[in-house]
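Fold and geometry: a report
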Amino acid sequence: MKKQKLKNYLKFGILLFGISSLITSCEKDFENNSFNTIEQSKFKIEVLDYKKIQSENNIIEKLSSLNSKNTKEVQNSNTSREFYNSNLGFSINTDFVKHIEDTQTGINSYSFQIERDTLITDNVENLLLQSNSQGTYDAYILEYGFTKEQFNSLIDGELNNTTVKYTPIDFDTNVFNNGELSKLVAEYNCIQVWSLEDVTNNEGNLVGDTPLYTEEWVLMAENCGWSYYDDGSGGGGGPIDNDSNSGSQGGNGNSNNTDDDDNGGLGTSCRGCEDNDPIIAAPTINPADPDCTKLKNLIGKPVVNSTNNTVDKLLSYLSSFTSSTTKERGYFLSPQDQIESEFSAAYFEGDENADEVPVEIGTNLISVLMHLHYNKETESKKQLSVFSVKDIYEMYLLIGTGHIFSPNTFTNFLTTEHGTNYALQINNSNAFVNSDFAIKYFTTWGFSKTIQDDAENLYGEKKYNILPYKTNGQNELAFTKFLANENLGLTLFRANDDFTEFTKIEYKNGIFKETPCN
């Protein structure tokens, strides 16, 4: 976003015209002054990660109340990176949190990016928690009037053409379920004021070219209150304006009634009904997905000993054999330096019609494994369109034997005769090797054919139904469920034909999700 160094105040619905006259007598006093004075903002703004937010006990307690009581995926709310509520239909992640403090009033707010189960808008949505006079936190959903891409390209003066929708989720819904108010539609309206603030840089001035100050847009919402209007279903009536206390006095007026909490467990404090402090927020947009970034950085790296001289070109070359070979074949890539900036490739292949191939790694450390699943000509003998349980075991074995250069940057690529291409990352090697599945099946895999058969049956017809005759879509969905249910710490990506575009695919909170790595 292009930003001016001087502070800008933008008010919705109001155009402020600057005074064009020049006070020349004042200019003379300062014409020789070459210094630019920056007025330090009253706001302190910092970005918190998962580890820092864990120390904020009141915030974690509030977020824990957001978790659905019957959500099986959330094992321990106090240590979870992610919080989810099925009633509200979204989750939030604590890896990127924006904390704003008004140093004059002591008000604190914490802003989290919302991830919807089903996309209902392209606009940026945040969950905002703000401190109140009762010593707790009030919660809102903020839907900004712009997308992530639009925000990054906005120029000064354009924010006053956008509208932010506030939805308090700390209020007593009983007031809307009684009497005349039940016939009306409620909107929560505020006077919204944008300002461009010069705030202290989180990193300070530790590096020569690191600025002491950075600029942040801050939104202040004041004089918030409910407005009600008849949507026509009840007959007659236009908008009915109410003051900021109307929310707690409508219907039976019982704003403390918690018997019928429809707000995802977040409470019934009726924020904005009695507390007149402004709501402070800053648009919180997570940077690029770190898993996607890691993959995109890898795919174009050089392979120094191959005519297919980058990772993606070597993958495309390997993919060209999927429909013509009856051997499992592939490459493993070893890093040429400590930062994995380039690789050397070693080729391997199996016997005719064999389901697995021994890979002679020797003392090499590897960063990338790529292989194919070939066509055995008859439908019943085709290999899988996704990773097999043996493929997963090989990753476990490589970690155990110390052959992986860095477990948390290792990637396993697969291309198949079915026309599918995938990448599988280890994002949590600890979770992977200590998962119940790995402990039960992989620790004794090489010593027991019975254990291998049990694992294959669980993977196949007994539970997950990942089978050669299933469709690509069915196997893909089943494989994401397998990764999620077994808590393996692995991340799956679908690739296009030439391995230049990827989509992160996962099964979260009972929903199959696809996130393009743009």
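So, how was this worked out
- Residues numbered from 1 in each chain as written.
- Predicted model: local features only at pLDDT ≥ 70, side-chain atom pairs only at ≥ 80, totals over all residues.
- Heavy atoms only, no water.
- Helix = DSSP H or I, 4+ residues; strand = E, 2+ residues; numbered from the N terminus.
- Contact = heavy atoms within 4.5 Å.
- Pairing = 2+ DSSP bridges.
- Axes fitted to C-alpha atoms, helices over the stretch in contact; angles between N-to-C directions.
- pLDDT = per-residue confidence, 0-100.
- Phe/Tyr/Trp six-rings, centres within 6.5 Å; stacked < 30°, edge-to-face > 60°.
- Buried < 20%, exposed > 50% of the residue type's maximum accessible area, 1.4 Å probe, protein only.
- Salt bridge = Lys/Arg side-chain N within 4 Å of Asp/Glu carboxyl O.
- Disulfide = S-S within 2.5 Å.

**Here we look at the side chain of Thr-147**
For Thr-147, the position within the fold is in the loop between β7 (137–143) and α4 (148–153). Aside from chain neighbours lying at most four places away, what touches Thr-147 is Asp-122, Asn-123 and Val-124.

**As for the sheet that holds strand β19 (residues 502–508)**
Across the sheet, eight strands lie side by side as β14-β13-β15-β16-β17-β18-β19-β20; this open sheet has mixed pairing. Bordering the open sheet on either side are β14 (343–349) and β20 (511–516), each of which pairs with just one other strand. Taking each pair of neighbouring strands and ignoring which way they run, the sheet shows an average axis angle of 20°. Along the sheet, helix α8 (residues 389–400) makes contact with β15 (368–373), β16 (411–416), β17 (421–426) and β18 (490–495), crossing β17 at roughly 35°.

**Quick word on the confidence of the model for the protein**
Of the residues in the protein, 72% have a pLDDT of 70 or more, and the chain-wide mean is 76. Long-range and interchain partners of residues 69–79, a stretch whose pLDDT sits below 50, account for 14 contacts in this model, where long-range means more than four residues apart.

**Examining the packing of aromatic side chains**
Overall, the coordinates contain 24 aromatic pairs when judged by the stated rule. For the pair Trp-194 and Trp-217, a centre-to-centre distance of 6.4 Å together with 90° between the ring planes defines the contact as edge-to-face. Remark: Trp-217 occurs in strand β10 (residues 213–230) and Trp-194 occurs in strand β9 (residues 184–200); sequence separation between them is 23 residues. Take Trp-217: its relative accessible area is 2%, and that puts it in the buried class. Counting every residue linked through ring pairs, the aromatic cluster contains Phe-387, Tyr-393, Tyr-396, Phe-432, Phe-437, Tyr-441, Phe-442, Trp-445, Tyr-459, Tyr-464, Phe-479 and Phe-482.

**Side note on unusual backbone geometry**
One non-glycine residue, Asn-487, lies in the positive phi region at around 50°. Structurally, the position occupied by Asn-487 is in the loop between α12 (472–485) and β18. Even without a glycine there, the phi angle at Phe-499 is positive, about 60°. Using a relative accessible area of 0% as the deciding quantity, one classes Phe-499 as buried.

**Here we look at the pattern of salt bridges**
One pass over the full model with this rule turns up ten salt bridges. Two residues, Glu-125 and Arg-116, come together in a salt bridge whose shortest N-O distance is 2.9 Å. Residue Glu-125 shares its accessibility class with Arg-116, and that shared class is buried. The closest approach of N and O atoms between Glu-514 and Arg-494, which form a salt bridge, is 2.9 Å.

**So, the state of the cysteines**
As enumerated under the stated definition, the model contains two disulfides in all. With a sulfur-sulfur separation of 2.1 Å, Cys-190 is cross-linked through a disulfide to Cys-224. Residues Cys-190 and Cys-224 are joined through a disulfide that is right-handed, its torsion about the S-S bond being 115°. Here Cys-190 is found in strand β9, whereas its partner Cys-224 is found in strand β10, with 34 residues between them in sequence. Its relative accessible area of 10% is what places Cys-224 among the buried residues. There is a disulfide in this structure between Cys-292 and Cys-517, and the S-S distance comes to 2.0 Å. The disulfide joining Cys-292 to Cys-517 has a torsion of about -60° about its S-S bond and is therefore left-handed. One end of the pair, Cys-292, is in helix α6 (residues 290–299); the other, Cys-517, is in the segment after β20, with 225 residues separating them in the sequence.

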